[in-house]
Amino acid sequence: MPGDKSISHRAFLFGGLASGTTRVTGLLEGEDVLATGRAMIAMGALIRKEGQTFVVDGVGNGCLLEPEEPLDFGNAGTGARLTMGLVGAYHFGSTFVGDASLSKRPMGRVLDPLREMGVQVVARSKDRLPLSIHGPKATAPIEYRVPMASAQVKSAVLFAGLNTPGVTTVIEPVMTRDHTEKMLEGFGANIEVETKPDGSRHIHLQGQGELRGLSDFQVPGDPSSAAFPIVAGLVVPGSDVTIENVLMNPTRIGLIETLREMGGSIEILDARTEGGEDVADLRIRHSELTSVEVTAERAPSMIDEYPVLAVAAAFAKGRTVMRGLDELRVKESDRLSAVAAGLAANNVRHEEGADWLVVEGDPEGRGYGGGSVVTHLDHRIAMSFLVLGLASGKPVTIDDGRMIATSFPEFEDLMKGLGGMIEPIREEA
Ligand code: S3P
């Protein structure tokens with residue numbers, strides 16, 4: 001598996017910020033992560049590749065330089081939002097730009113807490129890219145309760161807290177992926193996490209401390225990318241696939257739990273700890289799947305996996321109900337409506353609600369396929385519907401596969417290596 005995207009972004013951000021050298025292995029070389037790397041270089045970090053290792057020489061906490069050009073994050077919401085938090089606490093200006101998808105996505109969720117800390121924002125259209133921010137002489141530490149389940153918002157406030165005097169506190173009512181907290185601790189920040197009896201997490205970060213580079217930082221394989229060969233293995237008859245080195249952090253494995261509840265044969269092999277994270281190999285065999293109800297509580301641990309879960313549900317017996325999907329509307333595309341439209345185009349029975357989806361499965365899937373899917377510059381819509389095509393009676397076409405390179409550049413070769421047939425269609429101009 002290619003490296004985890006969330007951890008790879010943070011490896012460039014923390015490595016570029018810490019004093020000294022960080023050596024990163026297993027980094028995802030997807031377009032999104034490379035954009036974050038370029039942003040850190042534009043602000044003074046040095047990044048070079050030695051063999052398979054990325055060597056990052058950081059500037060030291062508090063020592064970023066003003067970028068001379070706009071920072072271009074392409075398709076990457078994580079890179080843009082985390083970097084906004086990071087530079088928001090600097091007394092200089094920076095401009096953020098991105099592609100058509102990123103320019104539609106809401107940035108207010110990050111800008112609102114930054115404004116509370118004293119950051120100025122100038123945007124042509126309300127809280128959307130392109131926009132410029134300028135930090136005050138000294139940002140004010142805040143206590144911020146994250147209003148939606150979002151690791152990006154939590155992380156942006158913590159990144160801003162790094163160059164803020166005093167203690168910045170983030171309260172998350174519902175736990176989201178905890179890579180920022182874990183890596184802050186690993187890079188030597190003074191951070192404390194308290195879990196209250198009601199399950200909320202209070203994260204306290206002492207600002208303006210030292211961050212120190214790490215001589216050996218390993219990025220585990222991405223469970224959100226593994227999701228595609230996992231579902232393909234479950235739904236394509238005769239499959240028996242082993243996937244090595246998958247991150248098994250509890251905040252990221254909601255899909256694996258759900259698929260096992262559906263009767264999916266996913267064996268966890270050689271469960272181990274590497275670089276402070278749970279990692280395992282997974283053996284997946286074709287399985288008869290049965291529908292389940294996926295409650296809203298599970299959403300944070302599988303937020304990026306609903307499009308491919310909808311594909312698994314299409315081959316499960318019965319009605320799979322997925323609730324609590326409001327955040328899907330503000331991802332690289334409106335994923336709820338993109339999934340519904342793709343299912344409709346390929347004869348999969350379903351119903352879409354404001355924040356829910358029901359998929360009525362057919363284990364044979366003979367009538368599926370034949371449709372063309374509009375991907376809206378969304379890599380996970382593209383890969384999910386290619387997986388649908390692997391087990392459908394008729395082939396499935398997607399309108400654009402280029403975005404797959406943002407998170408999983410090896411996808412096509414890897415799926416072909418497993419026996420999948422994926423062919424480019426060149427339309428005449
Ligand atoms: C991410 C958090 C999630 C996820 C995204 C990566 C991160 O977004 O969808 O792909 O690395 O922090 P939200 O935190 O906004 O849900």
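Please read all numbers here as calculations on a predicted model, not as lab measurements.

1. What about the pairing of strand 1 (residues 19-25)?
Put simply, side chains in a regular strand alternate between the two faces of the sheet. Where strand 1 meets strand 3 (residues 53-59), 7 bridges bridge the pair, whose relative direction is antiparallel. Bridged to Thr22 within strand 3 is Val56. Two strands pair when backbone bridges link them, and strand 1 and strand 12 (residues 217-218) are joined in this way by 2 bridges, in the parallel orientation. Pairing of Thr25 across the sheet is with Gln218, part of strand 12.

2. Regarding the packing of aromatic side chains
Ring pairs (aromatic) are described by centroid distance and by the angle formed between their planes. Applying the stated criterion across every chain, the model contains 9 aromatic pairs. Between Phe14 and Phe159 the ring centres are 4.8 Å apart and the planes differ by 25 degrees, which places this aromatic pair in the stacked class. One end of the pair, Phe14, is in helix 1 (residues 5-17); the other, Phe159, is in helix 5 (residues 151-161), with 145 residues separating them in the sequence. Overall, Phe159 belongs to the buried group, its relative accessible area being 1%. Through a chain of ring-to-ring contacts, three or more aromatic side chains come together here, namely Phe14, Phe159, Phe187 and Phe217.

3. Points about the UniProt feature "active site" (unreviewed entry) in the protein
The positions UniProt marks with the feature "active site" (unreviewed entry) are Asp304. On the secondary structure map, Asp304 appears in the loop between strand 16 (293-294) and helix 9 (306-314). Its relative accessible area of 14% is what places Asp304 among the buried residues. Among residues more than four places away in sequence, those in contact with Asp304 are Arg177, Ser224, Lys331, Arg335 and Arg380.

Rules used in this analysis
Residues numbered from 1 in each chain as written. Predicted model: local features only at pLDDT ≥ 70, side-chain atom pairs only at ≥ 80, totals over all residues. Heavy atoms only, no water. Pairing = 2+ DSSP bridges. Helix = DSSP H or I, 4+ residues; strand = E, 2+ residues; numbered from the N terminus. Phe/Tyr/Trp six-rings, centres within 6.5 Å; stacked < 30°, edge-to-face > 60°. Buried < 20%, exposed > 50% of the residue type's maximum accessible area, 1.4 Å probe, protein only. UniProt positions renumbered as here; feature names shortened; annotations may be inferred. Contact = heavy atoms within 4.5 Å.

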